[in-house]
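Geometric and topological summary
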Amino acid sequence: MGLNFRDKAWIFLGILCCSSLICSVKAMVSYDHKAVIINGQRRILVSGSIHYPRSTPEMWPDLIQKAKEGGLDVIQTYVFWNGHEPSPGQYYFEDRYDLVKFIKLVQQAGLYVHLRIGPYVCAEWNFGGFPIWLKYVPGMAFRTDNEPFKAAMQTFTEKIVGMMKEEKLFETQGGPIILSQIENEYGPVEWTIGAPGKAYTKWAAQMAEGLSTGVPWIMCKQDDAPTSIINTCNGFYCENFKPNSDNKPKMWTENWTGWFTEFGGAVPYRPAEDIAFSVARFIHNGGSFINYYMYHGGTNFDRTAGEFIATSYDYDAPLDEYGLPREPKYSHLKRLHKVIKLCEPALVSADATVTSLGDNQEAHVFKSKSSCAAFLSNYNASSTARVLFGGSTYDLPPWSISILPNCKTEYYNTAKVNAPSIHMKMVPTNTQFSWGSYNEEIPSPNDNGTFAQDGLAEQISITRDKTDYFWYLTDITIGTDEKFLKTGEDPLLTVGSAGHALHVFVNGQLAGTAYGSLEKPKLTFSQKIKLHAGVNKLALLSIAAGLPNVGVHYETWNTGVLGPITLNGVNSGTWDMSKWKWSYKIGTKGEALSLHTVTGSSSVEWKEGSLVAKKQPLTWYKSTFDTPAGNEPLALDMNTMGKGQVWINGQNIGRHWPAYTARGKCDRCSYAGTYSEKKCLSNCGEASQRWYHVPRSWVKPSANLIVVLEEWGGDPNGISLVKRTAKKTALDSIFAG
């Protein structure tokens, strides 16, 4: 009995998959105008971003395996400079920052790696991935033709490339790395700063190429990339992108699968149909490398999130924050990748012949001597189109592309989703907590570790970002003759801050709170305060919520209370307090005592039972708990808390801020039509982030320690441990429809 086309196609696909397994055989990597070439073979490569520090080493094998099963050829990751070099010359490559281990796991799975060394990453990561010490190197100016910056950047880049070579991880050494990236989305910066930017671009390219990795270098969003560097596209759509030379392949390094969540913002999502449409459109317009940013977003553990960025970096990716397939997105794209692979012989052998099939409908046909693939497109966002192609009719839903790997049979349409419909639930585990509380003390100018100076200090220059917290302390002396003492018209205190949140305490009592947003990080506290005759104690707690990750002139960015600070309503009118003598204290007492650890938490007395504090600012809470049975991912429901941080067995799971409710317009969202990060939103009027990932590898069977620092005030009795579970309501139907 003869084989039909579909049988032959599956046999070919099996041979292709076997031949593409990565082993220790040395290979050549090059490129031409069509594609990246590996061992003399042009390849259509499907890639996905997985950032190793945003998950745990215990999660990596499963994430990589799911990526492979989803049809990926390549794993793409940034290299996170501030995680690897926390102080000059002191390197860290362990635990979540074990880059070599991560790359070797990718290799063991039979996948390639695109290593984005940067070392600027953006990525909604704290300070864009730059180590904070870099800001205080004399003469420093970031990302420009500046010798101190270039020296530091070159040293780190050489360190990473040297490690990769030593471990034989480049493809030309038998490893999985087929591409490397220098810098990141630098084009817009160069346009802003002009000639120094152009000189820096040229230097960065030459520096990278001088490292002789044996694999191509790329620069994304860099239209003037040098001839020997591939320039690539980032965005929601890249079908019209063209590299700056006819000798370079058309590559898409970031197809944004969703968008990041900011504290105070709604949660964006991107329909699977639109992502699939964007990929098919890019491929039929000659694209040969497409990377999903993100394929697994993960978690901004500890204090790694950028300015006002949520702890969850889920990104509406095909694999959710917890590593579970997000359906139908995961399976819908998996089917797309299978069909693209069936088209690969034609795609790499021929250029498309484009014909019109109607108003806003086109056919892109790739035909070689031995293969043929067709893409039938309907760009109309509101109506279905029936088109005639090759003597047959095809119905194309709005904003969709049908793919015909043999130019006859529709194997896939981007808008026809035949994949599982799975509803994810956060189910309480009935884990019991028994809370104790410890009240954080407001420091005194005479405390150990305080220092004084005239005028206001910039926060990060003092804390070096070792903590979110920085105290500003001063005395306000009120004479008995002040009129407001008799009239009851309290004076108005105004405090200007560069961000990000501020607590104001007067004589030990919270007088008020102010906070900014990602759009407007600077804030102004302006409120009447109660003062008595004599000496009044003013304490300002400035709280950082991550450092900016995008922009220019990083060396000029500031945080904290920079003024002006005024007191209006005294007899003389207004006092300018900005140049007064102020005392300063870095961090909280609880941090100094390491209350988040077993040893530290045992060093103080905790109130228990009915004495446990509730709805009080600057309160530490602790409890122990047993881990629920099973292997489902775990999370903490923090919905009854305000703002702060959480530790599990000494590990910081990140900042919580459920009291910052999501603003935005969460209307019904259609997949059809051009997508933007504002188009499809959820969680409006609710917490931007309610649940906080607790990795299974961070917990023991019993006697786990949980510690919460609550800045605003909350009720710990509402905290619960939940597990993420899935219920499948529809079955996958490969190649149906």
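Residues numbered from 1 in each chain as written. Predicted model: local features only at pLDDT ≥ 70, side-chain atom pairs only at ≥ 80, totals over all residues. Heavy atoms only, no water.

A complete count under the given rule lists 4 disulfides for this structure. Residue Cys-372 pairs covalently with Cys-407 via a disulfide, S to S 1.9 Å. Residues Cys-372 and Cys-407 are joined through a disulfide that is left-handed, its torsion about the S-S bond being -85°. Residue Cys-372 is located in strand S15 (residues 372-378), and its partner Cys-407 is located in the loop between strand S18 (400-404) and strand S19 (412-413); the two are separated by 35 residues in the primary sequence. Here Cys-372 and Cys-407 have matching classes, each one buried. (Disulfide = S-S within 2.5 Å. Helix = DSSP H or I, 4+ residues; strand = E, 2+ residues; numbered from the N terminus. Buried < 20%, exposed > 50% of the residue type's maximum accessible area, 1.4 Å probe, protein only.)

Let us look at the domain arrangement of the protein chain. Domain parsing of the protein chain yields domain 1 (42-312), domain 2 (328-421), domain 3 (424-435 + 602-726) and domain 4 (441-587). Using C-alpha coordinates to define each centre, domain 2 is positioned 61 Å away from domain 4. (Domains from an automatic or database assignment.)

We now examine the packing of helix H4 (residues 99-108) against helix H5 (residues 147-166). Relative to each other, H4 and H5 sit at 45°, their axes nearing to 11 Å. On the basis of their axis angle, the class for H4 and H5 is oblique. Considering how the two elements wind past one another, H4 and H5 form a crossing that is right-handed. For the pair H4 and H5, contact is made by Leu-99, Val-100 and Ile-103 and by Ile-160, Met-163 and Met-164, respectively. (Axes fitted to C-alpha atoms, helices over the stretch in contact; angles between N-to-C directions. Parallel < 35°, antiparallel > 145°, perpendicular 65-115°, else oblique. Left-handed = near helix turned anticlockwise from the far one by under 90°. Contact = heavy atoms within 4.5 Å.)

With numbering matched to this structure, UniProt assigns "domain: Beta-galactosidase beta-sandwich" (unreviewed entry) to residues 362-417. Note that residues 362-417 is 0% helix and 54% strand, and that its end C-alpha atoms are spaced 21 Å apart. (UniProt positions renumbered as here; feature names shortened; annotations may be inferred.)

This part is about empty space enclosed by the protein. Scanning the entire structure with this criterion turns up 1 cavity of 30 Å³ or more. Volume-wise, the largest cavity comes out at about 50 Å³. Together, Lys-34, Ala-35, Ile-44, Ile-283, Gly-286, Gly-287, Ser-288, Leu-347, Val-348 and Phe-366 line the largest cavity. Grouping the amino acids of the lining of the largest cavity by side-chain chemistry returns 6 nonpolar, 3 polar and 1 charged. Structurally, the lining of the largest cavity is a two-domain feature, drawing no fewer than three residues from each of domain 1 (42-312) and domain 2 (328-421). (1 Å grid on protein atoms, 1.4 Å probe; cavity = no way out; pocket = protein on both sides within 12 Å on 5 of 7 lines; lining within 4 Å. Points joined across faces, edges and corners; volume = space filled by probe spheres on them. Nonpolar A, V, L, I, M, F, W, Y, C, P; charged D, E, K, R; others polar.)

On to the pattern of salt bridges, then. Where charged atoms from two side chains of opposite charge approach closely, those side chains can pair. Here the structure, examined in full by the defined rule, presents 34 salt bridges. Linking Arg-303 and Asp-465 is a salt bridge whose minimum nitrogen-to-oxygen distance equals 2.9 Å. Here the residue Arg-303 occupies a position in the loop between strand S12 (287-296) and helix H9 (329-347), and Asp-465 occupies one in the loop between helix H10 (459-463) and strand S23 (469-478), the gap between them amounting to 162 residues. We classify Asp-465 as buried; its relative accessible area is 11%. (Salt bridge = Lys/Arg side-chain N within 4 Å of Asp/Glu carboxyl O.)

Because an α-helix completes one turn every 3.6 residues, residues spaced three or four positions apart along the sequence face the same direction. Its 15 residues place the ends of helix H7 (residues 195-209) 22 Å apart at the C-alpha level, agreeing with the 21 Å of an ideal helix rising 1.5 Å per residue. Looking only at H7, the buried set comprises Gly-197, Tyr-200, Thr-201, Trp-203, Ala-204, Ala-205, Met-207 and Ala-208. Buried residues belonging to H7 abut H5, strand S7 (177-182), helix H6 (187-193) and strand S8 (217-220). (Expected span 1.5 Å × (residues − 1).)

What follows concerns the pairing of S18. Most of S18 is tucked away, with 5 of its 5 residues classed as buried. In S18, alternate side chains face the same way, and those of Ser-400, Ser-402 and Leu-404 on one face and Ile-401 and Ile-403 on the other are all buried. Two strands pair when backbone bridges link them, and S15 and S18 are joined in this way by 5 bridges, in the antiparallel orientation. In the sheet register, Asn-378 faces S18, and the bridge partner there is Ser-400. The pairing of S18 with S19 spans 2 bridges and is classified as antiparallel. (Pairing = 2+ DSSP bridges.)

The 3 strands lie next to each other as S1-S2-S3, forming an open sheet whose pairing is antiparallel. In this open sheet, the two edge strands, each paired with only one partner strand, are strand S1 (29-31) and strand S3 (41-43). Averaged over all pairs of adjacent strands, the angle between their axes in this sheet comes to 40°, without regard to strand direction. Two elements, strand S2 (residues 36-38) and S3, share 3 bridges in a ladder whose sense is antiparallel. Bridge pairing in S3 links Ile-37 to Arg-42.

This brings us to unusual backbone geometry. What is expected of a backbone is that most residues other than glycine have negative phi and most peptide bonds are trans. Note that the residue after Tyr-293, namely Met-294, is joined by a cis bond; omega there is 5°. Summarising the element assignment, Met-294 is placed in strand S12. The residue Phe-308 is not glycine, and still its phi comes out positive at about 65°. As for its position among the elements, Phe-308 is in the loop between S12 and H9.

Turning to the packing of aromatic side chains, a few remarks are in order. Each pair of aromatic rings is reported with the distance of its centres and the angle of its planes. Scanning the model with the defined rule gives 61 aromatic pairs in all. Judged by centre distance (6.0 Å) and plane angle (75°), the rings of Phe-366 and Phe-375 are edge-to-face. Take Phe-366: its relative accessible area is 2%, and that puts it in the buried class. Sitting above the plane of the Tyr-120 ring, Arg-143 keeps its charged end 3.7 Å from the centroid. For Lys-159, the ring lying beneath its charged end belongs to Tyr-91, and the centroid distance is 4.5 Å. (Phe/Tyr/Trp six-rings, centres within 6.5 Å; stacked < 30°, edge-to-face > 60°. Lys NZ or Arg CZ within 6 Å of the ring centre and 35° of its normal.)

Quick look at the side chain of Ser-623 now. With respect to the secondary-structure elements, Ser-623 resides in strand S33 (residues 619-625). The exposure class of Ser-623 is buried, given its relative accessible area of 3%. Reaching out from Ser-623, the side chain makes a polar contact with the backbone nitrogen of Ser-434 at a distance of 2.9 Å. (Polar contact = N/O pair within 3.5 Å; in protein donor to acceptor, adjacent residues only side chain to side chain.)

So, on to the packing of helix H8 (residues 272-284) against H9. Following both chains from N to C, one finds H8 and H9 inclined at 10°, their axes separated by 10 Å at the closest point. When the axis of H8 is compared with that of H9, the two are roughly parallel. Residues Ala-272, Glu-273, Ile-275, Ala-276, Val-279 and Ile-283 of H8 touch H9, and the partners they reach there are Lys-329, His-332, Leu-333, Leu-336, Ile-340 and Leu-347. Here the residues of the contact of H8 with H9 sort into 9 nonpolar, 1 polar and 2 charged.

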